[in-house]
Structure formats: structure tokens, C-alpha cells
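Each chain, written out:
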Amino acid sequence: MGRLKQKGRAGAAKAYVTRSSAVKKLQCSLADFRRLCILKGIFPREPRHKKRANKGSTAPTSFYYAKDIAYLAHEPVLNKLREHKAFAKKISRALGRGEWSTAKNLEDNKPVYRLDHIIKERYPSFIDAVRDIDDALCMIHLFASLPSNPRVSSALIENCARLTAEWQLYVMHTRSLRNVFLSIKGVYYQAEVMDQNVTWLVPYQFPQNIPSDVDVRVMLTFLELYQTLLGFVFFKLYTDAGLVYPPPLDSGKDESGAGVGAFNLRTTNPTPITGAPKNDAPKVSSKEVRQTIKNITAESSSVPFTDVDIDRADHTNSFPDAAEEEFVPQASKSDLDVPSSLPTLLSLSSLPKPSSTNIFAPYTFWLSRESSRSIFEFLIRSFGGRIGWPVSSGGGSPFTEDDEAITHVIIDRPTAKGDTAQERERRRRRKYVQPQWVVDCINAGKILLEDLYAQGKTLPPHLSPFGERDGAYDPTIGLVNVENSLVEVDDAELSEDSQDIEDVEMRPELEGDITSMAALAVAAADDPEALRAVELAAEAAGVDYGTFEKEVQKKQQQQKQKHKGDAAVDGSGEEDMNKILMSKRKRQLYERMKYGEKKRATEHAKLEEKRTKIQKDRRRKARAL
């Protein structure tokens, strides 16, 4: 007889643990358990059979892998949290008894945990860390714009601002920025670092407040992990680029509001080639050297002389295992035009960068006071340009507004009348553009025409440079049947103005003839001779050619819509049969996909309808003028 299985000892009941059981096993509070899960990257799981995982109970609860909880039990941070709990009890007791010296000693020996080992565990390689800094950058940029309060300290906000400045300095120095998008939420940036696309969101510089319904403790735990991660990543990036990390801060410029310009990028001092290498070995006197040489000479004289092929011996000693050496083809030394077939890291790093990273190099920009300095200073300097700003935007501007080298002025206010002679001379020598021109030039990878972005003009659509889905709404592409609808509107308006009373009396007969002829034309669309015959008949009947074409297009649209409806009816039955054969999980996933597609199609249709209405109104206003 086989061994009897006991309930709850195998399968899902053993593989999963509820949250309350995990907290009881780890002997910590719920807040500490949540902090541990965030730091270690452990999150709730969804078992296939909740009732089996919960040992027959149907109460709603969260489940974790039992192996993850066992992994947390040996975490050093958990021991530090327990020590901190004991520390809190001891210091509260000392303060209650008035033992101030004991409380001071306890405060000096306060337990502090580090997250270095967690970063090394979660990111075994540097590329893994670079791939995962998107959320970290978004978080530190968010906290850098928040005001300080009892829940968020000013030191934390200052540290986040320092990390954001260090990241921007690296991106500007390496010219890694690729795409920018100005959205309602903020500014989306995308940079290419170590062949990885890093995308982050920066909020606009508006007064922020922390909502009361947001659990700041959870966000602060994430921020604690992200600050440690970015410290590791920035140190590696700066070191590989030959820069000193952290970059030194000029306190004078920082107090004047220089922003990123308050940090100074310094290169690391390379070791001199001609200098002697340092040797920490103990020094050897000249007497010991002479004695060693005498001993070697005596040993060599006692050995009998043998005929040895010295060259061959040296060759074999220098290559002890020639079979393991790999063959590496080298470039020809005689013919310098023949390139090496294998690229090396040195050759790849020495390749010229794409020209789109230096599109602003020939230009000098002046930023108007109403434009965001932090955004456009970062953008223009990332692509090789020079930028200055007025004193109202902060200190540290490299030049003033009267500089003759200024080629473009970024301005975001309407044109004003009554310019002085000096201002008119400046407008003649400089290009005044709106801020969107800078972003569109970056996304296009070239300098666009400034006329479309001139001051006071209606800007073209600002599209997202990131990969959009197929079929997404694109305002730059002509809409389907928009021109036909506009022609219909024009024809209708012209017919209302030009028709006489006699034409109105004969309209029902003509409309019947036109409709029947249009139906014949649609039916004979595949036969050119029949279509030509219908056109001649319409001309003989006195029907205008434009009106006839309009009716034909209407009939074609009605026929297409009818075919689409028939196809949808035919396909719905087959689709229902396919859904019956699916499992419950796959059917729910399919229904969510179809719901998303339907929602996007509805939004697309609304935008097209709105654009069509706007174009019609513009056409009417232009004709009225």
C-alpha cells in the first residue's frame, strides 16, 4: 500500500503561502514585510486554483511563493530591521526615564542597513542595471520637483536633484539623447546608453503638492532602492567615460541658480607613460644582488655543456600551449588600404558619431524668459549648441542678449507691436522660433524650416517619436474621403446659390435619373465600355458631369459599407465558434484584446470626424472672405 497523502502537504498548498502566514513566519510587521518585498523584488502571485492554495478556504487573500518567503528569511536587511525595532524600544525607554546619556549613546550606535548586496543580487551585470533605470529616473525626477514636508525631507529632495543633474550632465557629455516628446504629463526623453534605450519622464516646473491619499512610505522605499541603484550606475558610466564621479559642485553658482551649470565635469588623470610603476615589494640591496649573481654563475659552471637550440627553446617557452591559441586575422602592414575584418572595442569607440547628434553645433540660442530653461538647456547642449538666458531665469549664462553670435531666439509669446529700431534689427539678423521647433528638429534628426515655427504662427502637429502601433491616428496623413466630403460641401453650396426656380421644379425627376444612372455606373465599373455608355447617357439626359461623379462616389461608399456589414455578419459566427473552443483564460484575454481594439478604433474615428469638421469650417470661412 502506497503512502497516504495528507491534505495541505503537497501541490499548490505547499507551493504558495498567504501574506499573513509569511508575516508570521518572518516575525516582522506588515510595513517591514512590504519594504522587504519591494527591496528584494518579490511580488504576489496568482495561483491557478486559489481554493487549493488556500487549503480549501475561499477568503480573498494575497499569495506568495513559499520559496520566496524562505529566501527572505535569510536576508541581512531583515536582521537590521529587527535590530532597529529593539533600538526603538530602548531609546523610548531611556527617554522616558530621563537617561539622556544612554539615549545619546544609543543614537550614536543606531543600526543602519545598506542595499549594496541587493543591487548586486538583482543586477548581476551592468547591462541589466542600465535596462532597469527607466523607473528609477522617473522617480528621482518626480521627487526632485516636490516640496519638502514632514513626510519628505529636504535632504532627500536635494539628493534627488543632485542625481538628476548628474544624469543630465552625462547625457549632454556623451550626446546620448535621441528622442523628445512634449506631452500633457511632462517631457518624455529617450537616450541610448550602452546600446540600450532609456526612456524617462520629467514633470513640468509647476508647483506640486503631495496628495494625502498617497502612501508615501511605499514610494520612499522604492526611492531608497533607486538611489542606491543610480549611484552604482552613474559611477560606472562616469568612470568608463573618463570623468570624475561625483562631479564637484560650485556652491557659488548653485546659490545663483545655475542649475546643471553649477557642476564641473573633470576628467580623471591618466597614469603617465614615462613614469616608473610603483612597486610595493621590499627593497633589495646591491650586496644581495651581487651574491645572487655569483650563486647562479657557480651553478651554471657545474652543469655540463650541451648543444641546445636556443631559439627553439625560447620559442617554445614563450608559447607554452600553442594549440589553444586562436587564429586572429590581422590587417596587412604593406597595404594600408585593406581594413581589418574584425572590429575591436577601440575601433568601434573611435567611429564617428552620427551627424544628428550635432545638429545644433553651428547655432547659438537665446532663451526667452517665458520658456523653460531646464528643458531647453538640456536639449540644446545635448546636441552641440550654445544657449544663453536672461538673469530672471537664473545665473550662469555664458553670454548676454546683445551677443552678435546669437542665431536663434526661442520665444513662446505672441508678437508685440511697436518694436524699436534695435529690436527690428535683431529680428532681421536672428530667427525667432517657438519651442516646438527645437523638439521637432531633434526628432527629425535635421534642421527644419523655421518659417512653420515662427513667432505667432499656428504650429504643425507635434507627434510622438516613439514607436506607435499600426493604424494609430496621424494628423499629417490625409483622412479617407475627406476631400470628397469637402467637394460635396462646395458643390452643395454652389448649387444653392446658382440654381433657379425651374431647376427646383425639375429636381425630383433629375435626382431619380441621376440615382439610377449612378447605380448602373457602379454596377458597370469593371466593364470600361459599359461605364462609358452610362456616362454618355447621363450627358444626353442633361446631367452635369460633376453631379454624376458625386452620385457615383456615394453609391460606391454605400456598396462598400454594405459589403463590410455582410462580412462582419459572416465572420461573427465563425468568431463565436472559435471562442467556444478556447479555454476560459484565453477567451478572457481575447475579449480584452478586442475591447482595446474597439476602443482605439472609436477614438480614431472621433479624431477623424473632428478633423473633418474643422476642415469644413475653415473652407466655409475662406469662401466667405
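None of these values were measured; they are calculated from a predicted model.

Reading guide: rules and limits
Residues numbered from 1 in each chain as written. Predicted model: local features only at pLDDT ≥ 70, side-chain atom pairs only at ≥ 80, totals over all residues. Heavy atoms only, no water. Helix = DSSP H or I, 4+ residues; strand = E, 2+ residues; numbered from the N terminus. Contact = heavy atoms within 4.5 Å. Areas by Shrake-Rupley, 256 points an atom, 1.4 Å probe, with all protein chains shown as cover. Core = buried A, V, L, I, M, F, W, Y, C linked by side-chain atoms within 4.5 Å. Buried < 20%, exposed > 50% of the residue type's maximum accessible area, 1.4 Å probe, protein only. Pairing = 2+ DSSP bridges. Axes fitted to C-alpha atoms, helices over the stretch in contact; angles between N-to-C directions. Salt bridge = Lys/Arg side-chain N within 4 Å of Asp/Glu carboxyl O. Left-handed = near helix turned anticlockwise from the far one by under 90°.

**Considerations on the overall build of the protein**
- From N to C terminus, the protein includes 25 helices and nine strands.
- Relative to all contacts within the protein whose residues are 6 or more apart in sequence, the contacts with residues 24 or more apart total 63%.
- A total accessible area of about 42800 Å² is found for the protein, and carbon and sulfur atoms account for 54% of it.

**Digging into the nonpolar core**
- Phe33, Trp167, Tyr189, Trp200, Phe360 and Leu379 are the most contacted members of the largest nonpolar core, which has 86 residues in total.
- Leaving out residues up to four positions away in the same chain, Trp167 has contacts with Ile133, Leu137, His141, Val193, Val198, Trp200, Phe234 and Leu237.
- The next biggest cluster of nonpolar side chains, apart from the first, holds six residues, and it includes Trp366, Ile406, Ile411 and Tyr432.

**Quick word on the sheet that holds strand S6 (residues 364–367)**
- The strand order S7-S6-S8-S9 describes an open sheet built from four strands, whose pairing is parallel. The strands lining the two open edges of the sheet, one partner per strand, are strand S7 (386–388) and strand S9 (431–433). Going from strand to strand, the sheet's axes swing by 25° on average, the running direction of each strand aside.
- Where S6 and strand S8 (residues 408–410) come together, three bridges link them in parallel fashion. Considered in S8, the bridge of Phe365 is made with His408.

**Concerning helix H10 (residues 134–144)**
- Every buried residue belonging to H10 is among Ala136, Leu137, Met139, Ile140, His141 and Phe143, and all of these are buried.
- Structurally, H10 contributes buried residues whose contacts are with helix H11 (154–174), strand S5 (196–202) and helix H12 (216–240).

**Concerning the sheet that holds S5**
- The three strands are arranged S3-S4-S5 in an open sheet whose pairing can be described as antiparallel. Only two strands of the sheet have a single partner each, and these edge strands are strand S3 (177–182) and S5. Mean inter-strand twist for the sheet, computed between neighbouring axes without regard to direction, equals 15°.
- For S3 and strand S4 (residues 187–193), the ladder comprises five bridges, and the chain directions are antiparallel. In the strand pairing of S4, Val180 is matched with Tyr189.

**A word on the pattern of salt bridges**
- Counted by the stated rule, this structure contains 22 salt bridges.
- A salt bridge links Lys80 to Glu83; the nearest nitrogen and oxygen atoms lie 3.8 Å apart. Of the two residues, Lys80 and Glu83 both sit in helix H6 (residues 76–97), three residues apart, roughly one turn of that helix.
- For Lys80, a relative accessible area of 32% puts it in the partly exposed group.
- The exposure class assigned to Glu83 is partly exposed, which follows from its relative accessible area of 41%.
- As a salt-bridge pair, Glu166 and Arg162 come within 2.5 Å of each other at their nearest N and O atoms. Here Glu166 and its partner Arg162 are both found in helix H11, four residues apart, which amounts to about one turn of the helix.
- Judged by relative accessible area, which is 0%, Glu166 ranks as buried.

**As for the environment of Glu450**
- Of note, Glu450 is situated in the loop between helix H19 (436–444) and helix H20 (482–498).
- Overall, the relative accessible area of 14% leaves Glu450 in the buried class.
- Measuring from C-alpha to C-alpha, the distance between Glu450 and Val438 comes to 9.9 Å, with twelve residues separating the pair along the chain.
- The contact partners of Glu450, leaving out residues within four places of it in the chain, are His408, Lys431, Val433 and Trp437.

**Some details on the side chain of Gln168**
- Position of Gln168 among the secondary structure elements: in helix H11.
- For Gln168, a relative accessible area of 14% puts it in the buried group.
- Ignoring any residue separated from it by four or fewer positions in sequence, one finds Gln168 in contact with His141, Val260 and Phe378.

**Observations regarding the packing of helix H3 (residues 30–40) against H12**
- Packing of H3 against H12 leaves a shortest axis separation of 10 Å and a crossing angle of 35°. With respect to the hand of their crossing, H3 and H12 are arranged in right-handed fashion. Mapping the contact onto sequence places Ala31, Arg34, Arg35, Ile38 and Leu39 in H3 and Arg217, Val218, Thr221, Phe222 and Leu225 in H12.

**Looking at the pairing of S5**
- Residues Gln196, Val198, Trp200 and Val202 point to one face of S5 and are all buried, whereas Asn197, Thr199 and Leu201, pointing to the other face, are not buried.
- Bridge count for S4 against S5 is seven bridges, and the pairing is antiparallel. Counterpart to Glu192 in the pairing with S5 is Asn197.
- Linking S4 back to S5 in an antiparallel pair, the connection comprises two residues, with Met194 at a positive phi of about 55°.

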